[in-house]
Amino acid sequence: MIELRDARRSRSASHLHEICREMGVASIVDPYMGLPTHLNYLKRHGIAVHGGDPIEWFAHVGQGIVVNDSVILRDFEIGEIVETAPGRIYPPDLFRAWEGVFFTEEQCRYLAAWHENVKSLRSDGQVGLAILGLWWAFAYWLQKLAAPDDLLDVPPSELAYAYIRKTERWVGDNARHNTVRHAPPAVTMSRVSTDAVLLTPPAPGDDGRSDARTLMWEAWWQGNPYQPVERLRAGGSGDASAWQAEFAELLAGARKFPLAIVPTSDGERERVASALSDFRSSIEERRFSDDEIYLLAR
Amino acid sequence: MTLFKGSGGIPSRSAAGAATALTHALAAVADLAEGHRLGHGRRIAWLALRLAPLCDLDAVQLPALYYAALLHDVGELWLPSEVFHRSGPTQRSESIGLWEHPVIGADLAARLGALPPAVADIVRWHHEWWDGTGYPDQLQWSQIPPAAQLLRLADTFVSAAAERPNRHALPVEEVYQQVMAGAGREFGPRYARAFSLLFQTDPTVAQLGSGKDDPSAELPASYPLTGATGENVEALLLTIADAADARHAVLGGHSRRTGQLAAQLAERLGWDAEEIDRARVLGYLHDIGMAGVPGSIIGKADRLTSLERTVMQRHVSHGFEILRHIPELEGYALPVRHHHERIDGSGYPDALTDQAITAPARLMAICDTYDALTTGRPYRTTLGPEDALARIERDAGFAFDPSMVHALASSLPAVTR
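The rules we used
Residues numbered from 1 in each chain as written. Chains lettered and ligands numbered in written order. Predicted model: local features only at pLDDT ≥ 70, side-chain atom pairs only at ≥ 80, totals over all residues. Domains from an automatic or database assignment. Contact = placed C-beta atoms within 7 Å. Helix = DSSP H or I, 4+ residues; strand = E, 2+ residues; numbered from the N terminus. Nonpolar A, V, L, I, M, F, W, Y, C, P; charged D, E, K, R; others polar. Buried ≥ 20, exposed ≤ 12 C-beta atoms within 10 Å, placed from the backbone.

K.L.:
I would appreciate a short explanation of the domain arrangement of chain B in the present structure.
P.N.:
Many descriptions give the size of an interface as the accessible area lost when the pieces come together. Residues and elements named next belong to chain B. Considered domain by domain, chain B is made up of domain 1 (38–210) and domain 2 (230–416). If you average the C-alpha positions of domain 1 and of domain 2, the two centres end up 34 Å apart. Contacts between the two partners involve twelve residues from domain 1, matched on the other side by 13 residues from domain 2. Where the side of domain 1 that touches domain 2 is concerned, the elements lending two or more residues are α4 (82–85) and α6 (101–112). With three residues, α6 is the single largest residue contributor to the side of domain 1 that touches domain 2. When grouped by side-chain class, the residues that make up the side of domain 1 that touches domain 2 number seven nonpolar, three polar and two charged.

K.L.:
Is there a simple way to think about the domain arrangement of chain A in this case?
P.N.:
Residues and elements named next belong to chain A. For chain A, the assigned domains read domain 1 (1–70 + 178–298) and domain 2 (73–171). Taken together, the 19 residues of domain 1 in the interface contact 23 residues of domain 2. Secondary-structure elements contributing two or more residues to the side of domain 1 that touches domain 2 are α3 (56–67) and α9 (212–222). Counting residues per element, the side of domain 1 that touches domain 2 draws most heavily on α3, at seven residues. Of the residues contributing to the side of domain 1 that touches domain 2, the split by class is ten nonpolar, eight polar and one charged.

K.L.:
Which parts of the structure should I look at to understand α3 of chain A?
P.N.:
Note that an α-helix has 3.6 residues per turn; residues three or four places apart therefore point the same way. Most of α3 of chain A is tucked away, with eleven of its twelve residues classed as buried. Along α3 of chain A, the residues that are buried comprise W57, F58, A59, H60, V61, G62, Q63, G64, I65, V66 and V67 of chain A.

K.L.:
What am I meant to see in the environment of F400 of chain B here?
P.N.:
Relative to the helices and strands, F400 of chain B resides in the loop between α18 (385–394) and α19 (402–416). In this view, F400 of chain B contacts I343, A365, I366, I392, D395 and V405 of chain B; residues no more than four positions away in its chain are not counted.

Pasting the structure below:
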């Protein structure tokens, strides 16, 4: 059984936008962006956004909802993704390792078919949108696994169709140049020049598995259910001094940005502020709740 | 009726009473703008409050839930009205615009000051989905405040079960099935379970969409906004004035200006302090029903068709309906209804004559017309103060009360300053 950890709200796009508006931020980079729906929000509000993540599927979703300005998936294209194509041969055992543990035999077949179908899509934008929609279907299945009586049985293709259909809402043009990279944070930061950098590294002690679904979905995208991906993100050591060193390295790389925005919580605030003060002379705070605090460092 | 300090022209014993009444008026404006029957927010509040104990929501959160339910879609007042008033499915570009309304509403709730602080967060996140696919912030699971999750469910049920301009009401059993199918996607499973229990055991839930025997009528008057101040009351009044004018850019600031002009004329006419303040408030409220008129009609440059004129003229009845159901504001209901009456009986909606039209309504007719003439409309050019006055003087004794027109003429230098 996978552990579905109920994370607290530490960041919300609309509050982040409030801060950007207040601070006059017209461009921003998030080198640890994760699922970049927050960048999409900022994009839709006219800010030039740049993102990066060491996890590849996040970067693809970024291509779909951050870089892509106009391409959506039409109904027949969604149909081609969510169903097995007649005459096409799919590898039946690709995700057999998950069968009986996380998914049913039918679900594993669909995961294999979706994997193949998405790989054959024509544009980066469409790939990103499809990965995002399918991610939600995948997350639904895991949720149903944890609470089988609470969620309806929905046919896999219907479930995936509904979720992919939803992604078109995230597509829009802000008449700005927006980029996303599949890269370590240092590389992403070195390639762009923006008014602000958003730094959301994993919390200290987090072993990179804060949401195990994320890593499973990377394994799905790679087509390898055995792929070890837990060290793709920082914070994995679980050791406070090592975390401090990693965060310091990140902050050193972020020096060129006039403003650093660092989401944190009441429990971590002191530690994060202390690390920030080694690199930034002025630190302000915006507090929306005990769990959602932003340190603004110049 | 006595005017109490800090209640901003509202005949209430306190700022709390005035703020509570005005918040209900603002909620009604939001209902109207979205094309709902009046009381839509209240019906949602009723359902959300019934669900709250079944979901172990702390009783201290109930006032915030109540006001968030009343005002949940207040942000839509500042979106193009065509989204709500035309038939057919919502377009993609409109959906993107709709995403803004929870944030606009939350900012407004926070600015008003009189409301419980949690209202802003509940409004901000009432379109978040439990599976993380909602908006504006894609929160998931317990990141969404429980009160916002309750509101999401109550909003979905009541809205789908009610008739709207762009679609028919769904049968209540079908809506129930729709809600239950959303368990684990739109709604947290425990909230869906609580709803199922309530729906199966309380037949009044099914009446929410029917328009008959509305169970929300049994709600207590409301949770009074006990901490409200005179400043909060003023902020609410101005917000309602702006909301009334939000349907089209040509109306921008009209109600505020009309309120100020009404106060100046009332003073010139020798009305007492309370009457002057009430004239100002009436100016803010007189077009409250415009929220129910599509912006395409308000901003139309050509002659209105007879159907469009009927829709436009309905704004006075809409305003009347809103105000007559709020005890602290019912004194404004008739003047709002009659501010387009003409003393020769050629006005609408009741074709009243002379003194049958109350003095505040006669005053409002002049102030409303003067502001409309001097700020321009798409269908005619803007007039200067003297030309506008000449136009109004021409109609004195036919449309307008001559003594009030005289007061306008004598105060014109002050008005145009």
